[in-house]
Amino acid sequence: MSNIKLLTAVFIFGFLISCEQENNYLSIKLTIPEPSGLVYDNLRDELWSVSDENHGIYQLSTNGEILKRVEIPDGDLEGIAFVDDSTLAVLSEESREVVFVSINGKVIDRKPVFDNGVFNNGPEGIAYDKKNKTYWVANEKNPALIVKYDSLFNEIERKEIDFARDVSGLFYDNVDNSLWMTSDEDNKILKLDTELNILKAYDTNIKQMEGIAIDHKNKAIYIVSDSEEKLYVLKLK
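These figures come from a predicted structure and were not determined experimentally. (Residues numbered from 1 in each chain as written. Predicted model: local features only at pLDDT ≥ 70, side-chain atom pairs only at ≥ 80, totals over all residues. Heavy atoms only, no water.)

Before going further, it helps to spend a moment on the environment of Thr182. If you trace the backbone, Thr182 turns up in strand E15 (residues 178-183). Remark: the alpha-carbon pair of Thr182 and Tyr202, spanning 20 residues in sequence, is separated by 9.6 Å. Here Thr182 is in contact with Asp166, Val167, Ser168, Gly169, Lys188, Ile189, Met209, Ile212 and Ile223, once residues within four sequence places are set aside. A distance of 3.0 Å separates the side chain of Thr182 from the backbone nitrogen of Gly169, its partner in a polar contact. (Helix = DSSP H or I, 4+ residues; strand = E, 2+ residues; numbered from the N terminus. Contact = heavy atoms within 4.5 Å. Polar contact = N/O pair within 3.5 Å; in protein donor to acceptor, adjacent residues only side chain to side chain.)

In structure tokens form, the structure reads like this:
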């Protein structure tokens, strides 16, 4: 190989490696239509997601393989959280309700959430604090806000988000009592305290992030992209 070709090959290889390190994530193509919402299942070391195109709730391996799919009557599913090891709380923008569902797909209960009266800019993410038995529900925009509820879904407080143009995903980290959110329009991942103050902020080039989950066991941040129908795995530092 000539010196010029060798130098070119080294440059290209170095460029690819640097890009890989800069992006610092793995992307996995999913077979879920328009995944929106994500939660990590600590007991089973798996993930759960929902589709805002169909009525499906999906159990996934951490490498994106579909393990099970169950269906509920509600559509436009936008968020998902674990209440306990066998119960999920699923957010429906269509009905403006949180639907409590067993992991086998049985609907257990329903609770209404706020309705801002704006189609397609409504409830977008849900998270659950197991210790304090409180729920956090995000409105995407117009306005972007996060509402806190008690265990009976009485509203405790609400706060408009002025540090991001939208809220596209939520996850409550019960390990360190923090709230993680994604902003699709700002291309940001944000770690917040329980007063919704920013603890950390990360810029990303992932398109249409609509779900986030934190996995301390595998030191990973999982993100789902609605438009790309992909699962992204980032390193949790």
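We now examine the nonpolar core. Counting 40 residues, the largest nonpolar core has Ile57, Val90, Tyr222, Ile223 and Leu231 as its most contacted members. At five residues, strand E19 (residues 220-225) tops the list of elements feeding residues into this core. Those residues in contact with Ile57 that sit more than four places away from it in its chain are Trp48, Ser49, Val50, Lys68, Arg69, Val70, Ile72, Leu77, Ile80, Leu88, Val90 and Val101. If you look at the next biggest cluster of nonpolar residues, it comprises 16 residues, including Val113, Tyr135, Tyr149 and Phe153. (Core = buried A, V, L, I, M, F, W, Y, C linked by side-chain atoms within 4.5 Å. Buried < 20%, exposed > 50% of the residue type's maximum accessible area, 1.4 Å probe, protein only.)

A word on the sheet that holds strand E1 (residues 25-29). If you walk across this open sheet you meet the four strands as E1-E20-E19-E18, and the pairing is antiparallel. Where the open sheet ends on each side, the last strands, each with one partner, are E1 and strand E18 (209-215). Pairs of neighbouring strands in the sheet enclose a mean axial angle of 20°, with direction left out of account. Here six bridges tie E19 to strand E20 (residues 230-235), and the two strands are oriented antiparallel to one another. Residue pairing for E20: Ser225 is matched across the bridge by Lys230. (Pairing = 2+ DSSP bridges. Axes fitted to C-alpha atoms, helices over the stretch in contact; angles between N-to-C directions.)

Here the focus is the pattern of salt bridges. For the structure shown, the criterion picks out nine salt bridges. Two residues, Asp176 and Lys191, come together in a salt bridge whose shortest N-O distance is 2.8 Å. Placement of Asp176 in the loop between strand E14 (169-173) and E15 and of Lys191 in strand E16 (residues 188-192) is noted, with a sequence separation of 15 residues between them. Residue classification places Asp176 among the partly exposed residues on the basis of a relative accessible area of 33%. For Lys191, a relative accessible area of 13% translates into the label buried. (Salt bridge = Lys/Arg side-chain N within 4 Å of Asp/Glu carboxyl O.)

Let's shift gears to the sheet that holds strand E17 (residues 198-203). With respect to topology, four strands assemble into an open sheet ordered E14-E15-E16-E17, the strand pairing being antiparallel. One side of each edge strand has no neighbouring strand; the edge strands of this open sheet are E14 and E17. For this sheet the average axis-to-axis angle between neighbouring strands, irrespective of direction, equals 15°. Pairing of E14 with E15, which is carried by five bridges, proceeds in the antiparallel orientation. Within E15, the position partnered with Gly169 by the bridge is Thr182.

A few words now on the packing of aromatic side chains. Applying the stated criterion across every chain, the model contains ten aromatic pairs. Judged by centre distance (6.3 Å) and plane angle (20°), the rings of Tyr40 and Tyr222 are stacked. Taken together, the residues Tyr40 in strand E2 (residues 35-41) and Tyr222 in strand E19 connect sequence positions 182 residues apart. The class for Tyr40 is buried, based on a relative accessible area of 7%. Residues Trp48 and Phe82 carry aromatic rings whose centres are separated by 6.1 Å and whose planes lie at 85° to one another, so their mutual orientation is edge-to-face. Within this pair, whereas Trp48 is found in strand E3 (residues 46-51), its partner Phe82 is found in strand E6 (residues 77-84), the two being separated by 34 residues in sequence. As far as the burial class goes, Trp48 and Phe82 line up, both buried. Pairwise contacts between aromatic rings join Phe100, Tyr128, Tyr135, Tyr149 and Phe153 into one cluster. (Phe/Tyr/Trp six-rings, centres within 6.5 Å; stacked < 30°, edge-to-face > 60°.)

Scope: geometric values only; no functional claims are made or implied.
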